[in-house]
Amino acid sequence: MITIRARTVTDNPLLVALWERSVRASHHFLRETDIDALRTLVAQRYLPALDVWVAEEGQHGLRGFIGLSDNHVEMLFIEAAARGGGIGQRLLDYAVALRGDLTLDVNEQNHQALNSCAE
């Protein structure tokens, strides 16, 4: 069962690791140097600045997270092994319930995310 809750500061290292696994599974257009630079930004700048909600699943732990700034989705990352299982949709539905209509940007090179937005 998936539970959605607010991020705690102690979640941050786990979220950065989840972010990296998700990026490696979906952002094949990024170079290793890009991932290294972004990892630092995610940990030190983005996570602390956003309202972050995590999806947690029993013994599996954290399965995904969404980062919001007002009604804009700044980040949405799902554990690589859990992609396609509806966790991203659950997080988006939760965010809509919190904030109403949402806006988001998608990397044009991320074909799976673009296809999801078109549905």
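Residues numbered from 1 in each chain as written. Predicted model: local features only at pLDDT ≥ 70, side-chain atom pairs only at ≥ 80, totals over all residues. Heavy atoms only, no water.

### Considerations on the confidence of the model for the protein chain
Residues of the protein chain with pLDDT of at least 70 account for 89%, and the chain-wide mean is 89. A low-confidence stretch, residues 113-119 stays under pLDDT 50, and its non-local contacts, those more than four residues away or across chains, total six contacts. (pLDDT = per-residue confidence, 0-100. Contact = heavy atoms within 4.5 Å.)

### Let's talk about the side chain of Ser22
With respect to the helices, strands and loops of the structure, Ser22 is situated in helix H1 (residues 12-26). One polar contact links the side chain of Ser22 to the main-chain carbonyl oxygen of Ile78, over a distance of 3.1 Å. Once residues lying within four places of it in the same chain are set aside, the contact partners of Ser22 are His27, Phe77 and Ile78. (Helix = DSSP H or I, 4+ residues; strand = E, 2+ residues; numbered from the N terminus. Polar contact = N/O pair within 3.5 Å; in protein donor to acceptor, adjacent residues only side chain to side chain.)

### A few points about the sheet that holds strand S3 (residues 61-69)
The strand order S1-S2-S3-S4-S5 describes an open sheet built from five strands, whose pairing is mixed. In this open sheet, the two strands that pair with only one neighbour each are strand S1 (2-6) and strand S5 (103-104). Against the sheet, H1 engages strand S2 (51-57), S3 and strand S4 (72-78), with an angle of about 90 degrees to S3. Packing of helix H2 (residues 32-49) onto the sheet brings it into contact with S2, S3 and S4, and relative to S4 it is tilted by some 120 degrees. (Pairing = 2+ DSSP bridges. Axes fitted to C-alpha atoms, helices over the stretch in contact; angles between N-to-C directions.)

### Comments concerning the pattern of salt bridges
Counted according to the given criterion, the structure contains 10 salt bridges. For Arg21, the salt bridge identified is with Glu79, shortest N-O distance 2.6 Å. Placement of the pair is Arg21 in helix H1 and Glu79 in the loop between S4 and helix H3 (87-99), with a sequence separation of 58 residues. Look at Arg21 and you get partly exposed, because its relative accessible area is 38%. Classification of Glu79 as buried rests on a relative accessible area of 9%. Here Arg24 ties to Glu32 by a salt bridge, and the two come within 2.6 Å at their closest N and O atoms. Where salt bridges share partners, they join Glu20, Arg24, Glu32, Asp36 and Arg39 into one cluster. (Salt bridge = Lys/Arg side-chain N within 4 Å of Asp/Glu carboxyl O. Buried < 20%, exposed > 50% of the residue type's maximum accessible area, 1.4 Å probe, protein only.)

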